[in-house]
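Structural characterization, general
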Amino acid sequence: MNCFVPDELVVERGSESSSVFNNLCSTLPQVPVRIVDDVRVTAVYDRSVDHFGAAKKKLFLTRHRGEFFKKCPGSEGQVCCNYFVINFASNCPMDCSYCYLQDYLSDNASLKVFSNIGDLIDEADRTLHRHRGLFFRIGTGEITDSLALEPYTGIVREIIPYFAEQSNVLLELKTKSDCVDNLLDLDPKGRIVVAWSMNPRPVIERDEHGTASFAERLAAARRCQEAGYRLGFHFDPIIEYPDWENDYQPMVEEIFATVNWRRVSWLSLGVLRETPGLKRVMRQRFPEARLLAGEQVLCPDGKLRYFQPQRIQMYRKMVQWIRRFAPMVQIYLCMESKEIWQQVFGFFPACEKELGNQLAPLD
Ligand code: SF4
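These remarks concern the structure in this document. Because the structure is a prediction, the values reported are computed rather than measured. (Residues numbered from 1 in each chain as written. Predicted model: local features only at pLDDT ≥ 70, side-chain atom pairs only at ≥ 80, totals over all residues. Heavy atoms only, no water.)

**Focus: the sheet that holds strand E17 (residues 331-333)**
Across the sheet, which stays open at both edges, the 8 strands sit in the order E4-E5-E9-E10-E11-E13-E14-E17 with mixed pairing between neighbours. Two strands close off the open sheet at either side, each with one partner strand: strand E4 (69-71) and E17. Here the average twist between neighbouring strands, direction ignored, is 25 degrees. Strand direction decides the pairing type here: strand E10 (residues 169-175) and strand E11 (residues 192-197), joined by 5 bridges, are parallel. Residue pairing for E11: Lys-174 is matched across the bridge by Ala-195. Sitting on the sheet, helix H10 (residues 245-258) touches strand E13 (230-238) and strand E14 (264-271), and the angle it makes with E13 is about 175 degrees. (Pairing = 2+ DSSP bridges. Helix = DSSP H or I, 4+ residues; strand = E, 2+ residues; numbered from the N terminus. Axes fitted to C-alpha atoms, helices over the stretch in contact; angles between N-to-C directions. Contact = heavy atoms within 4.5 Å.)

**Digging into the pattern of salt bridges**
As enumerated under the stated definition, the model contains 20 salt bridges in all. For the salt bridge of Arg-63 with Asp-119, the shortest nitrogen-to-oxygen distance reads 3.1 Å. Within this pair, whereas Arg-63 is found in the loop between strand E3 (58-62) and E4, its partner Asp-119 is found in helix H5 (residues 117-130), the two being separated by 56 residues in sequence. A residue is classified by how much of its surface remains accessible, and Asp-119, at 33% relative accessible area, is partly exposed. Taking the shortest distance from any N to any O, the salt bridge between Lys-317 and Glu-245 comes out at 2.8 Å. You can see Lys-317 sitting in helix H12 (residues 308-325) and its partner Glu-245 sitting in helix H10, a full 72 residues away along the chain. Judged by its relative accessible area of 26%, Lys-317 falls in the partly exposed class. The network of salt bridges with common partners includes Asp-50, Lys-56, Asp-95 and Arg-285. (Salt bridge = Lys/Arg side-chain N within 4 Å of Asp/Glu carboxyl O. Buried < 20%, exposed > 50% of the residue type's maximum accessible area, 1.4 Å probe, protein only.)

**Some details on helix H9 (residues 214-226)**
End to end, H9 covers 19 Å across 13 residues, agreeing with the expected 18 Å (1.5 Å per residue, within 8%). Within the span of H9, buried status applies to Phe-214, Arg-217, Leu-218, Ala-220, Ala-221, Cys-224 and Gln-225. The arc enclosing the buried residues of H9, seen along the axis, measures out at 160 degrees, which places them on a common side. Buried residues along H9 sit in contact with E11, helix H8 (201-207), strand E12 (208-209), E13 and H10. (Expected span 1.5 Å × (residues − 1). Arc of directions from axis to C-beta.)

**Some details on empty space enclosed by the protein**
Where empty space is left becomes clear once a probe the size of a water molecule has been rolled over the atoms. Under the criterion given, the structure shown has 1 cavity of 30 Å³ or more. The calculated volume of the largest cavity comes to roughly 50 Å³. For the largest cavity, the full set of lining residues is Phe-88, Ala-89, Val-113, Thr-144, Asp-145, Ser-146, Leu-149, Glu-150, Thr-153, Ile-155 and Val-156. Listed by contribution, the elements that provide at least two residues to the lining of the largest cavity are helix H6 (150-153) and helix H7 (155-164). The residue makeup of the lining of the largest cavity, split by class, is 6 nonpolar, 3 polar and 2 charged. (1 Å grid on protein atoms, 1.4 Å probe; cavity = no way out; pocket = protein on both sides within 12 Å on 5 of 7 lines; lining within 4 Å. Points joined across faces, edges and corners; volume = space filled by probe spheres on them. Nonpolar A, V, L, I, M, F, W, Y, C, P; charged D, E, K, R; others polar.)

Next comes the structure, spelled out in structure tokens:
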């Protein structure tokens, strides 16, 4: 995977004393640094050009002013998996044509990492102690990629030792990168899941710009498994195109020929979906993208998806291919209705807590 080198590092006054600032300066020595009083004033982009693409070229370092820890918003009317998120960065240096951040962060597009990681840990600690009887699945990849900036920031390396000690947590680091070097000498103590979003090679080459290749992701997954990490895989978004099965089936086989499914905590499946707003941005930024060619319908949550019978067929095929190699692995659907669950699995979770508990570790 290519190195990320921003054009400039913009640092809000006060963040120069953080470990993240030191890590950025030592790993990106060639990048000019500008200290400013307020990054919000500096992060203004010309919206007549590709402002979202331009925002990925400048890296901001600032304190996070709000709460770090929150419940995943999910999607109205869809089965929720009781997931929590911690955001230590916003936006992503990679550039997938279907990325929902293009719409979601349209008004706040700057690529930011947060310097007050001690506050993140304090806040998580208060929440986890207050609810010792509850089990938390926590992800860091809601509005960024969990590992793409790790070689420069060292944030994940700083938080793993804390989460590894907690008895009621699985921390998921979700990525399309292969940036795992910082993780391999740490002891995850069974509490850290490194998860890859996977698509077949032709989809990665066409639509996942700047990400690690399929082979690089799989090699990184294997290295993490050998270092004691649990793994996850997200087949999301699954994209329908002529003969898509000829790419997705061998992809599933190759993954399970490389990693041990017994140490895979979960797999998720989700088809391509987007809001009409995102579809407009995708057409502007990636007019050549083929993935919008498939027919879609507007669903009750305001997102466009393939027709229901087509989605059910696609999920059933994926489940069948996965079960051949990983008969007991936990599989869930991301942002799908109870009706679709019923058609694919023959059941649906009674409540979000039930699904969350199913995904909790047994040991
Ligand atoms: S890796 Fe994830 S966050 Fe980054 S551009 Fe792709 S979809 Fe968006």
